[in-house]
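Letter by letter, the chains look like this.
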Amino acid sequence: MIIYNTLKRQKERFIHLEPGKVRMYVCGITAYDFCHIGHARSCVVFDVLVRYLRFLGFKVLFVRNFTDVDDKIIKKAQEEGLSSMEVAEKYIQAFYEDMGALNILRADIEPRATEHIQEMVRLTAKLLEKGYAYVTSKGDIYFRVRKISGYGQLSGRNIEELQAGTRIALDEDKEDQLDFALWKAAKPGETSWDSPWGAGRPGWHLECSAMSEKYLGIPFDIHGGGQDLAFPHHENERAQSKAAFDGEFVKYWVHNGFVRVNAEKMSKSLGNFVTIRDILAAYHGEVLRFFLLTNHYRSPLDFSDTALQEAEKALKKIYWTKSALEKELEKHEGTRGEQFSEAREEFQELTEKWNQAMQDDLNTAQALGYVFGLVRLANRMLDIKSFRKNEPGKTLMHDMLDALKKWGEVLGVFLSPGPAFLEQLKIMRCRRQNIDPQAINKMVQKRQEARKEKNFEAADRIRQELAELGIEVMDTPDGPVWDFA
RNA sequence: GGCGGCAUAGCCAAGUGGUAAGGCAGCGGUCUGCAAAACCGCCAUUCUCCGGUUCAAAUCCGGAUGCCGCCUCCA
């Protein structure tokens, strides 16, 4: 597999550190609000990465943390009249609900910052001991950025540029404005923990250094997160870990691109974010997941309602074909006959190409292109009566369905039985458009009665009425089926 | 101010040296009582613009324009 390494600024062949195993850490959320689509993207991207590595046969140990102590959580706690623990718990539960709807697998280990205070205290002590950190008069502890070599490599900037461009308010307490906090002395009323330097709490970057070392060891294979974490979070994390554990910290740094709204980054600070639960009220979670997979993970992705509707259409098309295959395979035994070797060959080619796309820096957009290739091939073959009825045809249909399932397990989509999923989409769509499905059923039934009486004029009148609602009726051998156009 | 990214058809989008995947929409055909779905065919001589390198460039280099991001919490 080839993966883009932010540290090297290029795609690299993925060579794992330990035979057959991959150790991977991804920065999770700070639990102080509902997750938005940006969080969804990050989770989907790394979920697919884990699933694909497992598909390739690696034993993956995947750690994703929760930041449950932080300024923003403390602020939220004050606003909501809760403890910061309660705030964090509330939003961690919401995270599980939302990500569950997106079919995100749980990480193997999901550590929380507050459960690792001792590890962080020890790490801070170690950095002090090694001379990489210092205590200020206020009792805060800072990391000496200039002391560590290679600072700025990850985010692609040098120390002098950083200083020139700094917009942070000057802090007289720091030896150097670049230094960042490892430990913050507690202010009155704040949640705090005891330490050799008095009551306080850890700085944000510290938890990932402490927890990744604890659960994965140093160095480990992959560290992931959103692009906005590259600086300062990952840069600082890397500095700390390198200083504390001597040497290489992470082999591959992987960062996903942003979700944008009207060409602007979706973010908390801009306030232009759409939460996952907002989307789930109107769309199936799989539609959102599918949409996120239609762009390469490192490109910016523009979110819009239109884009979501298109994703829904595309997904519907795939599920239609899946349903058709499922239904056909339920039918009678096949007969001997033609081998359909050309179709077989085309199918195998698609399988190879799908894998190549995924191998090449997780190109899910391209991989989805081959899914549509499979859909087209399946539909073309399903049109042929002799194919449907013969044994080699059935085997191929079975294999195509199997491929769809296998790919679906990696991408985290196409996993529901076709008809049930299509029904769910229809229900979501009705809800979105305020349409009562029962009323539609009645109209369709009336039309069918008219048709039986060969009263095509009446039947067409009902078709027209339905069309005005955006609904099409399909007359199939098994009776009429309606859906949105 | 510093650093980085992006620009592909009406829309979305893949594509880092070998002659433009895929989806949506549109057009023609098959099928159909009429339709829909599905299938077949058509739909970018061209990848923001201007130069350069090369037998060969959407892809590499230089420049211009536009948009975005990071440098402050942010997935």
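Rules and cut-offs
Think of each chain on its own: its residues are numbered from 1, step by step along the sequence as written. Just so you know, chain letters begin at A and ligand numbers begin at 1, following the order they were written in. At least 70 in pLDDT is required for a residue's local features to be given in this predicted model, at least 80 for side-chain atom pairs to be given and counted, and no such filter applies to totals for whole chains, interfaces and linings, which use all residues. The side-chain values count all of the structure's non-hydrogen atoms but skip hydrogen atoms and water molecules. Think of it this way: any DSSP run of H or I at least four residues long counts as a helix, any run of E at least two long counts as a strand, and we number them from the N terminus. Exposure classes here rest on a 1.4 Å probe applied to the protein chains alone. A residue is buried below 20% of its type maximum, exposed above 50%, and partly exposed in between. Note that His is not counted, nor are the chain ends; the positive residues are Lys and Arg, and the negative ones are Asp and Glu. Any carboxyl oxygen of Asp or Glu within 4 Å of a side-chain nitrogen of Lys or Arg constitutes a salt bridge here. In the analysis that follows, any N or O atom pair within 3.5 Å is treated as a polar contact, provided that within protein one partner can donate a hydrogen and the other can accept it, and provided that, for residues neighboring in sequence, both atoms belong to side chains. Note on contacts: a residue pair qualifies if any of its non-hydrogen atoms lie within 4.5 Å across the two residues. Here, any two strands with at least 2 DSSP bridges between them count as paired. Values of pLDDT, ranging from 0 to 100, describe the predictor's confidence in every residue of the model. One heavy atom within 4 Å of a molecule or strand makes the whole residue count as near it. Residue classes follow a fixed rule: Ala, Val, Leu, Ile, Met, Phe, Trp, Tyr, Cys and Pro count as nonpolar, while Asp, Glu, Lys and Arg count as charged, and any other residue, Gly among them, counts as polar. All domain edges in this entry derive from an automatic or database-based domain assignment. Helix axes are fitted to C-alpha atoms over the stretch in contact, other axes to C-alpha atoms as well, and angles between N-to-C directions run from 0 to 180 degrees. Here, nonpolar core refers to any group of buried Ala, Val, Leu, Ile, Met, Phe, Trp, Tyr and Cys residues whose side-chain atoms link them within 4.5 Å.

## Concerning the side chain of aspartate 68
Then, in step 1: Residue placement: aspartate 68 occurs in the loop between strand 4 (59-64) and helix 2 (71-80).
Then, in step 2: No salt bridge is formed by the buried aspartate 68, whose closest oppositely charged neighbour, arginine 112, lies at an N-O distance of 5.1 Å.
Then, in step 3: Among the polar contacts made by the side chain of aspartate 68, one reaches the main-chain amide nitrogen of alanine 113 at a distance of 3.3 Å.
Then, in step 4: Dropping the residues within four chain positions of it, aspartate 68 is found in contact with Ile73, Ala88, Arg112, Ala113 and Thr114.

## Some details on the sheet that holds strand 11 (residues 259-261)
Then, in step 1: Taken in spatial order, the three strands line up as 12-11-13 in an open sheet, and their pairing is mixed. If you trace the sheet from one side to the other, it starts and ends with strand 12 (264-265) and strand 13 (301-303), each paired once.
Then, in step 2: Pairing geometry for strand 11 and strand 13, over three bridges, is parallel. Note on strand 13: the bridge partner recorded for valine 261 is phenylalanine 303.

## Section: the confidence of the model for chain A
Then, in step 1: Across chain A, the average pLDDT comes to 93, with 98% of residues at 70 or higher.
Then, in step 2: Mean pLDDT per element in chain A: helix 5 (residues 159-164) is the minimum at 71, and strand 4 is the maximum at 98.

## Topic: the protein's contact with RNA strand B
Then, in step 1: Near RNA strand B you find 58 residues, and of these Lys72, Trp204, Gly226, Leu229 and Asp460 are the closest.
Then, in step 2: The sugar and phosphate moieties of RNA strand B supply 64% of its atoms located within 4 Å of the protein.
Then, in step 3: Between arginine 463 and RNA strand B, the recorded distance is 2.9 Å, taken from a side-chain N or O atom to a base nitrogen.
Then, in step 4: Between aspartate 475 and RNA strand B, the recorded distance is 2.6 Å, taken from a side-chain N or O atom to a base nitrogen.
Then, in step 5: A total of seven residues in the surface near RNA strand B trace back to one element, the largest contributor, which is helix 12 (residues 364-382).
Then, in step 6: Looking at the surface near RNA strand B residue by residue, the class counts come to 16 nonpolar, 21 polar and 21 charged.

## Describing the domain arrangement of chain A
Then, in step 1: Structurally, chain A comprises domain 1 (2-280), domain 2 (305-419) and domain 3 (435-484).
Then, in step 2: The distance between the C-alpha centroids of domain 2 and domain 3 comes to 30 Å.

## Here we look at the sheet that holds strand 10 (residues 250-256)
As a general point, the strands of a sheet are linked pairwise by backbone hydrogen bonds and lie either parallel or antiparallel.
Then, in step 1: Taken in spatial order, the four strands of this open sheet run 4-3-9-10, and their pairing is parallel. Lying at the two open borders of the sheet, with one neighbouring strand each, are strand 4 and strand 10. Each strand of the sheet is rotated relative to its neighbour by a mean of 20 degrees, with strand direction disregarded.
Then, in step 2: Two strands pair when backbone bridges link them, and strand 9 (residues 220-226) and strand 10 are joined in this way by six bridges, in the parallel orientation. Paired with glycine 225 across the two strands is histidine 255, which belongs to strand 10.
Then, in step 3: Helix-sheet contacts for helix 7 (residues 230-245) involve strand 9 and strand 10, and the interaxial angle to strand 9 is about 155 degrees.

## Re the nonpolar core
Then, in step 1: In this structure, Leu53, Leu288, Met400 and Phe414 are the most contacted members of the largest nonpolar core, which totals 96 residues.
Then, in step 2: For this core, the element with the most residues is helix 1 (residues 37-55), which contributes eleven residues.
Then, in step 3: Summarising the domain contributions, this core has at least three residues from each of domain 1 (2-280) and domain 2 (305-419).
Then, in step 4: Once residues lying within four places of it in the same chain are set aside, the contact partners of methionine 400 are Leu325, Phe347, Leu374, Leu377, Ala378 and Phe387.
Then, in step 5: Val121, Leu182, Ala210 and Ala243 belong to the second largest nonpolar core, which has 26 residues in total.

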